[in-house]
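# Observations on chain architecture
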Amino acid sequence: MREFATRKAFITGITGQDGAILARFLLDKGYTVHGLQLYSATNDTERLTQIRNNPRFHLHHGDLTDGGNLHRLISTIQPHEIYNLGAQSHVKVSFDVPEATANINALGTLRLLEAIRGTDIKFYQASSSEMFGSTAAPQNENTVFAPCSPYASAKLYAYWLVHNYRDSYGVHASNGILFNHESPLRGEEFVTRKITRSVAAIIHGTQTELTIGNLDAKRDWGHAADYIEGMWLMLQQDKPDDYVLASGQSKTVSQFITAAFACAGIHLEWHGEGT
Ligand code: NAP
C-alpha cells in the first residue's frame, strides 16, 4: 500500500459501475482518489457509500461537456493518473440523444486530453468493443472498426484522439477496448441486471414474467473487478498502448437467464424455437 501512498488519481464517471469499483481498488492500494461527479438534483452516490467517508476520497462537481471546469480541476488536483470512464454509456439511448452522446463521449475526451497536453499525467480511455460493430468475431487490437451506433462512433473518435495525442504530443494515453463487464453495481437498464433483478422479483413473488428481447443475442461477459485491475495495469506500463480486455467466451442471453435461475436454485427448461 505504501508504494502508491503519494499517488493521486482523477476518475470521471465516478458514480458509475466502473468508477465506483476502480475508486475502491485504488484507495485499497493507497492512492488519493478524486472523482468527477455530474451534478444531479437526485445526488445519486449510492455506489460510493462504502468509500464516501474515506479521508483520501474527494468528489468534485463537473461535467465532461465543460472544458474550463475540467482544466481547473486537473490544474488544482494535479493527478498522476486520469481514468476517463464518464460517458453516456447506453448504446440504445445514443440513438435518442446522439448529439449529447458525441459531446460527452467524444468531445469530453478531447477536452481532457487538451487539459493534460504537455504534462506527464497518464491517461486511460474507456474505449469499447462496440467500436468493432459489425466485424466478425473474434476481434483483437488489430481488427478494423465498424461502429454501428452513435455511441460506438463517438467512442471511436475518442479512441483516435488517444492515438493522436500519444503520437503528436507524447502523452501516456492508453485505450482499454473492453467487452461487456458486469457486477452487482451494473446499471439496472442493462440486460444482465434486468435478468438478475427479475429472477429475484419472481422468487419473491413480486413479478411473474421476465420479458426480454433477442434470446439468441450473444455477448462476451466478464467480471468488472477483473477489468478494473486491467485498466490500472495499463497505466503502470512504461509505454502507452491499446489493449482488448475480454473473457474470450460468448454466451447467449438465454444461457445467461438459465444460469441466473440456476443460481437461485431453479432449473429452467426451454421449449419452442427462434428468438
Ligand atoms: P456507467 O455505469 O453508465 O457510468 C457512466 C458514468 O458517466 C456515470 O458516473 C455518469 O454519471 C457519468 N457521466 C454521464 N454523463 C456525464 C457527463 N456529461 N460528464 C461527466 N460524467 C458523466 O458506465 P460503466 O459501466 O461504469 O462504464 C464505464 C465506462 O466504460 C463508460 O465510458 C462506458 O462507455 C465504458 N465501457 C463500459 C463497458 C461495460 O460493459 N460496462 C464496456 C465497454 C466500455 P451519472 O451516474 O450521474 O449518470
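Values in this document were obtained by computation on a predicted structure and should not be read as measured data. (Residues numbered from 1 in each chain as written. Predicted model: local features only at pLDDT ≥ 70, side-chain atom pairs only at ≥ 80, totals over all residues. Heavy atoms only, no water.)

### What about the packing of aromatic side chains?
Scanning all chains against the criterion turns up 10 aromatic pairs. Summarising the aromatic geometry, the rings of Phe 132 and Phe 145 are spaced 5.2 Å apart at their centres and angled 20° between planes, so their arrangement reads as stacked. A residue pair is termed long-range when its members are at least 10 positions apart, and Phe 132 in the loop between β5 (122–128) and α5 (150–169) and Phe 145 in the loop between β5 and α5 qualify at 13 residues. Across the pair, Phe 145 and Phe 132 agree in class, each one buried. Seen from their ring centres, Tyr 159 and Trp 160 are 5.0 Å apart, and the 85° between their planes marks the pair as edge-to-face. By relative accessible area, which is 4% here, Tyr 159 ends up buried. Across the ring face of Phe 190, the terminal group of Arg 186 is positioned such that the distance to the ring centre comes to 3.8 Å. (Phe/Tyr/Trp six-rings, centres within 6.5 Å; stacked < 30°, edge-to-face > 60°. Helix = DSSP H or I, 4+ residues; strand = E, 2+ residues; numbered from the N terminus. Buried < 20%, exposed > 50% of the residue type's maximum accessible area, 1.4 Å probe, protein only. Lys NZ or Arg CZ within 6 Å of the ring centre and 35° of its normal.)

### Details of the pattern of salt bridges
In a structure, side chains of opposite charge can pair up when their charged atoms sit close to one another. Evaluated as defined, the whole model comprises five salt bridges. With a shortest N-O distance of 2.7 Å, Arg 166 and Asp 242 are connected by a salt bridge. You can see Arg 166 sitting in helix α5 and its partner Asp 242 sitting in strand β10 (residues 242–245), a full 76 residues away along the chain. Relative accessible area serves as the criterion here: at 15%, Arg 166 is assigned to the buried category. Arg 186 is the salt-bridge partner of Glu 182, the closest N and O atoms lying 2.8 Å from each other. The pair Glu 182 / Arg 186 is uniform in exposure class, with both members buried. (Salt bridge = Lys/Arg side-chain N within 4 Å of Asp/Glu carboxyl O.)

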